[in-house]
Amino acid sequence: MIETRNGTPFFDGCDTTRLAQKYGTPLYVYSQTAIEARFAELRRDFIERWPGARVAYAAKSFFCLGMARLVAQAGMCLDVVSGGELRTALAAGFPAERIEFNGNNKLLDELELAVENGVGRIIVDGAHELEDIEAICQAKGRRMKVLYRVTPGVKADSHDYIVTGKKDSKFGFPLDEDVIYPAVEAAIRSPYVDFLGFHFHIGSQLFECEPYKQAASAVLELVRQVKDRYGVGVQELNLGGGFGITYTTEERRPYRYYLDPMMELIAARFDEMGLPRPALVVEPGRSIAGDAAITLYTIGSIKEIKGVRKYLSTDGKEVVGSRKYVSVDGGMTDNIRPALYQAVYRGILANKAGQPPEETVTVCGKCCESGDIIMKDAELPRAERGDLLAVFSTGAYGYTMASNYNSIPVPAVVLVRNGRDECMVRRQTWEDVTACQLIPDTLKGDER
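Colleague: Explain the pattern of salt bridges to me, please; I cannot follow it from the model alone.
Modeller: Between side chains of opposite charge, pairing is possible as soon as their charged atoms come close. Applying the stated rule across the entire model yields 32 salt bridges. Put simply, Arg-143 and Asp-194 hold a salt bridge, and the shortest N to O gap is 2.6 Å. One end of the pair, Arg-143, is in the loop between α6 (127-140) and β9 (144-151); the other, Asp-194, is in strand β11 (residues 193-199), and 51 residues separate them in sequence. On the basis of relative accessibility, which here comes to 44%, the residue Arg-143 falls in the partly exposed class. Three or more residues are tied together by salt bridges with common partners; here these are Arg-38, Glu-41, Arg-252 and Asp-291.

Here it is, written out as structure tokens:
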């Protein structure tokens, strides 16, 4: 959605330099056109090709009242993992029956909120959770639809912090016989829940379909065992998400690359078992929001440290040079991923977009942490104080993981579409940062 006009980058038809002037920086900017295009691709290549298929957008990647409305208007479902995400969805008027409640440690008040509002599915993550749901349903005279999240034992190729399908995981039921089958039997026999099937999610930022097929095969064997042991046919399978996007040089795959092999495998296995084909669900988050946004920063302090940067010259010899640190007015408080996952980004100087790169710099944030780095060894035109930096593909896990570390306010969020811009989340003020803080009575004495 980025195009350069007369040396100025426009994002979904909006002048990025004007956006920075109007809303200030740091600033998250989301393209409505890009988000709607991803939903359209999923509708065409998944929902319309498999009867009963659903897409449940993963709210954890990026969520606010406005995003809930975009998801609803696209006709999609919503995957939430906390009471806060659930309340946000309900406050936006999102249909409760299209909400799926995930998470490894749902609190009792969160489950009560889900049951009271009649969410469409609760994805059970452990045996204790079924007992909690049953008790709440009994007290409130309700019955809930549930799936069991399982860990299929697949090791996906991604950072360990975002791999979730291996057996050693905090998520889901392992496929050990003495664990999964008693739990499934309890759900089948429960008068308070309708057991629909299974959920799995193997990780994030994945580019190969083979781990998905391996996971699906393991879960399909579980489906067969449930049919043989209890005479029950699974009605629904949630295949998770984790589809990779382009941050720097990665090649983004179309959704069909991942989904077609799984749909073909599931269709064949259910036909072999003589079972009606199940409803299928996917939970994309990053692949919807990730490359649909940029972050704008203003450059401040610039420092050059001599004799600390090692690199190879054109003739292959090691050279020791200087490192230039270019500081911006944001950092790990608005994008924790580089510090947390060693994530790599690319960006441009928006006010110098027509100029060629002149130097290699490290773009850092303003937090009191050495690990507060946004881009390392970035090739940019010569940077100066006041320049505007645009960092690409920051739409996932930026705003939703933002913090007030160092008492820094969370940036604003702007939605753009075909040259129109609207604020979707206002910028926090310093007063907002201290709004929940209290001075204990014992500390209210005279200052000394």
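Colleague: What exactly am I supposed to notice about the sheet that holds strand β2 (residues 8-11) here?
Modeller: Strand pairing in a sheet takes place through backbone hydrogen bonds and is either antiparallel or parallel in direction. Taken in spatial order, the 3 strands make up an open sheet running β1-β2-β3, and their pairing is antiparallel. Lying at the two open borders of the sheet, with one neighbouring strand each, are β1 (2-5) and β3 (14-15). Examined bridge by bridge, β2 and β3 share 2 bridges and lie antiparallel to one another. Note on β3: the bridge partner recorded for Phe-11 is Cys-14.

Colleague: When you look at the environment of Pro-276 in this model, what are you seeing that I'm missing?
Modeller: With respect to the helices and strands, the residue Pro-276 is situated in the loop between α9 (255-273) and β13 (279-282). A residue is classified by how much of its surface remains accessible, and Pro-276, at 64% relative accessible area, is exposed. Residues Pro-276 and Val-413, 137 residues apart in the sequence, show an inter-C-alpha distance of 45 Å.

Colleague: Would you mind showing me how to read the packing of helix α7 (residues 177-189) against helix α8 (residues 210-230) here?
Modeller: To characterise two packed helices, one gives the angle between the axes of the helices and the distance between these axes. The contact between α7 and α8 brings their axes to 11 Å, and the two run at 60°. Our classification of the angle between α7 and α8 gives oblique. Relative to α8, α7 is oriented so that their crossing is right-handed. Contacts between α7 and α8 pair Glu-177, Ile-180, Tyr-181, Val-184, Glu-185 and Ile-188 from the former with Leu-222, Gln-225, Val-226, Arg-229 and Tyr-230 from the latter. Tallied by class, the residues present in the contact of α7 with α8 amount to 7 nonpolar, 1 polar and 3 charged.

Colleague: Looking at this model, I keep getting lost on the nonpolar core. Mind explaining?
Modeller: Grouped burial of nonpolar side chains is what soluble globular proteins tend to show. Within the largest apolar cluster, 93 residues are counted, with the highest numbers of intra-cluster contacts made by Phe-62, Met-67, Ile-122, Tyr-148, Phe-198 and Leu-237. For this core, the leading source of residues is α9, giving 10 residues.

Colleague: Would you mind going over the pairing of β13 with me for this structure?
Modeller: On any regular strand, side chains alternate: one points to one face of the sheet, the next to the other face. Burial along β13 is two-sided: Ala-279 and Val-281 and Leu-280 and Val-282, pointing in opposite directions, are all buried. Judged from the 2 bridges that link them, strand β5 (residues 54-58) and β13 form a sheet pairing that is parallel. If you follow Arg-54 over to β13, its bridge partner there is Val-281. As paired elements, strand β12 (residues 236-238) and β13 share 3 bridges and run parallel to each other. Note that in β13 the partner of Glu-236 across the bridge is Ala-279. Viewed along the sheet, the connection from β12 through α9 into β13 turns out right-handed.

Colleague: I tried to follow the packing of aromatic side chains on my own but got confused; where do I start?
Modeller: Think of a pair of aromatic rings as described by two things: how far the centres are apart, and how the planes are tilted against each other in angle. Counting across every chain of the model gives 13 aromatic pairs. Grouped by ring-pair contacts, the aromatic residues Tyr-212, Phe-243, Tyr-255, Tyr-257 and Tyr-258 constitute a single cluster. One residue, Arg-5, lies across the ring of Phe-10, its end atom 4.2 Å from the ring centre. A cation over a ring is seen here: Arg-253 above Tyr-257, with NZ or CZ 4.3 Å from the ring centre.

Colleague: Looking at this model, I keep getting lost on the side chain of Glu-100. Mind explaining?
Modeller: Tracing the sequence through the fold places Glu-100 in strand β7 (residues 99-101). Among the polar contacts listed, one links the side chain of Glu-100 to the side chain of Arg-54, at a separation of 2.5 Å. Excluding residues within four positions of it along the chain, Glu-100 makes contact with Arg-54, Ala-56, Leu-78, Asp-79, Val-80, Arg-121, Ile-123, Asn-238 and Val-281.

Colleague: Would you take a moment to explain unusual backbone geometry for this structure?
Modeller: Residues other than glycine predominantly adopt negative phi, and peptide bonds predominantly adopt the trans conformation. In this structure, the amide linkage connecting Thr-25 to the following residue, Pro-26, adopts the cis form with an omega of -5°. Counting through the fold element by element, Pro-26 comes out in the loop between α1 (16-23) and β4 (27-31). For Gln-205, which is not glycine, the phi dihedral falls at a positive 55°. Summarising the element assignment, Gln-205 is placed in the loop between β11 and α8. Of note, the phi angle at Asn-418 is positive, near 50°, even though the residue is not glycine.

Rules of the game
- Residues numbered from 1 in each chain as written.
- Predicted model: local features only at pLDDT ≥ 70, side-chain atom pairs only at ≥ 80, totals over all residues.
- Heavy atoms only, no water.
- Salt bridge = Lys/Arg side-chain N within 4 Å of Asp/Glu carboxyl O.
- Helix = DSSP H or I, 4+ residues; strand = E, 2+ residues; numbered from the N terminus.
- Buried < 20%, exposed > 50% of the residue type's maximum accessible area, 1.4 Å probe, protein only.
- Pairing = 2+ DSSP bridges.
- Axes fitted to C-alpha atoms, helices over the stretch in contact; angles between N-to-C directions.
- Parallel < 35°, antiparallel > 145°, perpendicular 65-115°, else oblique.
- Left-handed = near helix turned anticlockwise from the far one by under 90°.
- Contact = heavy atoms within 4.5 Å.
- Nonpolar A, V, L, I, M, F, W, Y, C, P; charged D, E, K, R; others polar.
- Core = buried A, V, L, I, M, F, W, Y, C linked by side-chain atoms within 4.5 Å.
- Right-handed = clockwise from strand over helix to strand, strands pointing away.
- Phe/Tyr/Trp six-rings, centres within 6.5 Å; stacked < 30°, edge-to-face > 60°.
- Lys NZ or Arg CZ within 6 Å of the ring centre and 35° of its normal.
- Polar contact = N/O pair within 3.5 Å; in protein donor to acceptor, adjacent residues only side chain to side chain.

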